[in-house]
Amino acid sequence: MTEVELAHACADAMYARDQATQSLGITLLDAGPGSASLRMPVRADMIQGHGTCHGGFLFALADSAFAFACNSYDEATVALGCSIDYLAPALRDDVLTANASEVSRKGRTGLYDVRIDNQRGELVAMFHGKSYKVRGTVLAQETQDE
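Residues numbered from 1 in each chain as written. Predicted model: local features only at pLDDT ≥ 70, side-chain atom pairs only at ≥ 80, totals over all residues. Heavy atoms only, no water.

- The chain is annotated in an unreviewed UniProt entry as Hydroxyphenylacetyl-CoA thioesterase PaaI from Pseudomonas monteilii.
- Among the UniProt annotations of the chain, the heading Sequence similarities (unreviewed entry) holds the following wording: "Belongs to the thioesterase PaaI family." (UniProt positions renumbered as here; feature names shortened; annotations may be inferred.)

**Side note on helix α1 (residues 3-17)**
The periodicity of an α-helix, 3.6 residues per turn, causes residues three or four places apart in sequence to face the same way.
Phase 1: For α1, which comprises 15 residues, the first-to-last C-alpha distance of 21 Å matches the rise-based estimate of 21 Å (1.5 Å per residue) to within 8%.
Phase 2: When we look at burial in α1, the residues that qualify are A7, C10, A11, A13 and M14. Angularly, the buried residues of α1 cover 165° about the axis, an arc narrow enough to put them on a single face. (Helix = DSSP H or I, 4+ residues; strand = E, 2+ residues; numbered from the N terminus. Expected span 1.5 Å × (residues − 1). Buried < 20%, exposed > 50% of the residue type's maximum accessible area, 1.4 Å probe, protein only. Arc of directions from axis to C-beta.)

**What about the packing of aromatic side chains?**
Phase 1: On inspection of all chains with the given rule, the structure shows four aromatic pairs.
Phase 2: An angle of 65° between the planes, with centres 5.2 Å apart, marks the rings of F59 and F127 as edge-to-face. In this pair, F59 is assigned in helix α3 (residues 55-70) and F127 in strand β6 (residues 123-133), connecting sequence segments 68 residues apart.
Phase 3: A relative accessible area of 25% means that F59 is categorised as partly exposed.
Phase 4: Aromatic ring contacts, followed pair by pair, group F59, F66, Y112 and F127 into a single cluster.
Phase 5: The ring centre of Y73 lies 3.6 Å from the NZ or CZ of R105, which sits over that ring. (Phe/Tyr/Trp six-rings, centres within 6.5 Å; stacked < 30°, edge-to-face > 60°. Lys NZ or Arg CZ within 6 Å of the ring centre and 35° of its normal.)

**As for the side chain of T21**
Phase 1: You can see T21 is positioned in helix α2 (residues 19-23).
Phase 2: On the basis of relative accessible area, T21 is assigned to the buried category, the value being 2%.
Phase 3: Of the polar contacts made by the side chain of T21, one reaches the side chain of D18; its length is 2.6 Å.
Phase 4: Those residues in contact with T21 that lie beyond four places of it in its chain are Y15, I26, L38 and S64. (Polar contact = N/O pair within 3.5 Å; in protein donor to acceptor, adjacent residues only side chain to side chain. Contact = heavy atoms within 4.5 Å.)

**Structural notes on the layout of surface pockets**
Phase 1: Looking at the largest pocket, its volume works out to about 300 Å³.
Phase 2: Around the largest pocket sit 18 residues that line it, and M14, N71, A76, T77 and V78 are the ones nearest its centre.
Phase 3: Where the lining of the largest pocket is concerned, the elements lending two or more residues are α1, α3, β3 (77-86) and α4 (138-145).
Phase 4: Of the residues that constitute the lining of the largest pocket, the class distribution is nine nonpolar, seven polar and two charged. (1 Å grid on protein atoms, 1.4 Å probe; cavity = no way out; pocket = protein on both sides within 12 Å on 5 of 7 lines; lining within 4 Å. Points joined across faces, edges and corners; volume = space filled by probe spheres on them. Nonpolar A, V, L, I, M, F, W, Y, C, P; charged D, E, K, R; others polar.)

**Concerning the environment of G110**
Phase 1: Relative to the helices and strands, G110 is located in strand β5 (residues 109-117).
Phase 2: You can call G110 buried: its relative accessible area is 3%.
Phase 3: Sequence separation between G110 and C70 is 40 residues; the distance between their C-alpha atoms is 7.5 Å.
Phase 4: For G110, the contacting residues outside a window of four places in its chain are S104, R105, G129, K130 and S131.

**Details of the environment of D117**
Phase 1: With respect to the secondary-structure elements, D117 resides in strand β5.
Phase 2: On the basis of relative accessible area, D117 is assigned to the buried category, the value being 11%.
Phase 3: Residue contacts for D117: discarding those within four places in its chain leaves V95, L96, T97, E122, L123 and V124.
Phase 4: Within the local environment of D117, its side chain forms a polar contact with the side chain of R115, the two groups lying 2.8 Å apart.
Phase 5: Within polar-contact distance, the side chain of D117 engages the backbone nitrogen of L123 at 3.5 Å.

Right under this line is the structure:
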C-alpha cells in the first residue's frame, strides 16, 4: 500500500466512525500523508446571535481536518493543543473548506495548520494544532469494531 493509499484508508475508516463530524454535515474531500480536506455547509442552526457562524462550528471543522491529517500514517494520534484565529465571518449557506497540512512531525508530536476558506476562496480562519502519538493504529481500531 502506498502512503497515499494508506492515508485514504485511514481517513475512510475514521470518517465511518466519526459521528460528530458526520452530524455537522462535514464531508471528507481528500486525504494524503499529513494532509486532509473537508467541507462543511453553514446551516441555519449554526448561526449565533450576531448572525454569523458560531466559532465552535468553525473550530470543529478545523479540528476534524487536523485529526484526519495527523492520523494519516495509521498511527493513533490525538490533539495535544489547538488554537484558532477567526479572520472573517462565515454566513448562513456559505460552504467552508478546511485544508489541513503538516508543518512538522518528529517523534511523538506533530504540528499542523488548517486553513478554512469560504466558497469564494476568502480566508475565514486559521487553526494551529499540535498532535501527540498514542498507542495503537487507526486501521486496527476498525478491525476491533467489526
